[in-house]
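Structure at a glance
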Amino acid sequence: MSDPEEVLQLRACRAEVEGIKKELDDARAQQAELEARINGLLAKQREARKKRREAVLAADAAGVPRLRISKEVGMQRSNVYKLLEGDSTEEA
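Computed from a predicted structure; not experimentally measured. (Residues numbered from 1 in each chain as written. Predicted model: local features only at pLDDT ≥ 70, side-chain atom pairs only at ≥ 80, totals over all residues. Heavy atoms only, no water.)

Secondary structure summary: the protein chain contains three helices and zero strands in total. Secondary structure elements of the protein chain occur, N-terminal to C-terminal, as α-α-α. On C-alpha atoms alone, the protein chain measures out to a radius of gyration of 28 Å, which is more than a quarter above the 12 Å that the 2.2 N^0.38 rule sets for 92 residues. Taken along the three principal axes of its C-alpha coordinates, the protein chain extends 95 × 25 × 15 Å. Burial status across the protein chain gives 10% buried among its 92 residues. (Helix = DSSP H or I, 4+ residues; strand = E, 2+ residues; numbered from the N terminus. Rg over C-alpha atoms; globule rule 2.2 N^0.38 Å. Buried < 20%, exposed > 50% of the residue type's maximum accessible area, 1.4 Å probe, protein only.)

All chains considered together, the criterion is met by six salt bridges. For E18, the salt bridge is made with R14, and the minimal N-O distance between the two is 2.9 Å. Residue E18 and its partner R14 are both found in helix α1 (residues 5-61); the two are separated by four residues, about one turn of the helix. Residue classification places E18 among the partly exposed positions, given a relative accessible area of 43%. Taking relative accessible area as the criterion, R14 reaches 57% and is therefore assigned exposed. Note that K21 is salt-bridged to D25, the shortest N-O span being 3.3 Å. In this pair, K21 and D25 are both assigned in helix α1, four residues apart and thus about one turn of the helix distant. (Salt bridge = Lys/Arg side-chain N within 4 Å of Asp/Glu carboxyl O.)

The next point concerns the UniProt feature "coiled-coil region" (unreviewed entry) in the protein chain. In the numbering used here, UniProt assigns the "coiled-coil region" (unreviewed entry) feature to residues 10-51. A distance of 61 Å separates the end C-alpha atoms of residues 10-51, which is 100% helix and 0% strand. (UniProt positions renumbered as here; feature names shortened; annotations may be inferred.)

An ideal rise of 1.5 Å per residue puts 84 Å on 57 residues; α1 measures up with 83 Å between its terminal C-alpha atoms. Directly beyond the C-terminal end of α1, a positive phi value near 90 degrees is found at G63. (Expected span 1.5 Å × (residues − 1).)

This next bit is on the side chain of S70. Note that S70 resides in helix α2 (residues 66-73). Residue S70 is classed as buried on the basis of its relative accessible area, which comes to 5%. Those residues in contact with S70 that sit more than four places away from it in its chain are M75, Q76, R77 and V80. (Contact = heavy atoms within 4.5 Å.)

Here the focus is the packing of α1 against α2. Interaxial distance between α1 and α2 falls to 10 Å at its minimum, and their mutual angle equals 155 degrees. With respect to each other, α1 and α2 are oriented roughly antiparallel. Note that α1 runs across α2; the crossing there is right-handed. Two secondary-structure elements touch here, α1 through R52, V56, A59 and D60 and α2 through R66, I69 and V73. Here the residues of the contact of α1 with α2 are counted per class, giving four nonpolar, no polar and three charged. (Axes fitted to C-alpha atoms, helices over the stretch in contact; angles between N-to-C directions. Parallel < 35°, antiparallel > 145°, perpendicular 65-115°, else oblique. Left-handed = near helix turned anticlockwise from the far one by under 90°. Nonpolar A, V, L, I, M, F, W, Y, C, P; charged D, E, K, R; others polar.)

Rendered as structure tokens:
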């Protein structure tokens, strides 16, 4: 004797829901890994920008022309000027 059609339909619905739940759990695990990677990269970026800022300030103090500084670090001149002006206001 086989199971009634309704029971088979219930089993199929359960399997579908469980399959989706497993895919969702896998996607959430991947998302958590990506978020951890992003947070690590953002921390590295903050450190790299801090080093770049220090290098720009040192180059400016050494008399390197600001145009050359901007070309060497790959920043627009206006951003280099803002960085340098921001430093002078912090020290004042």
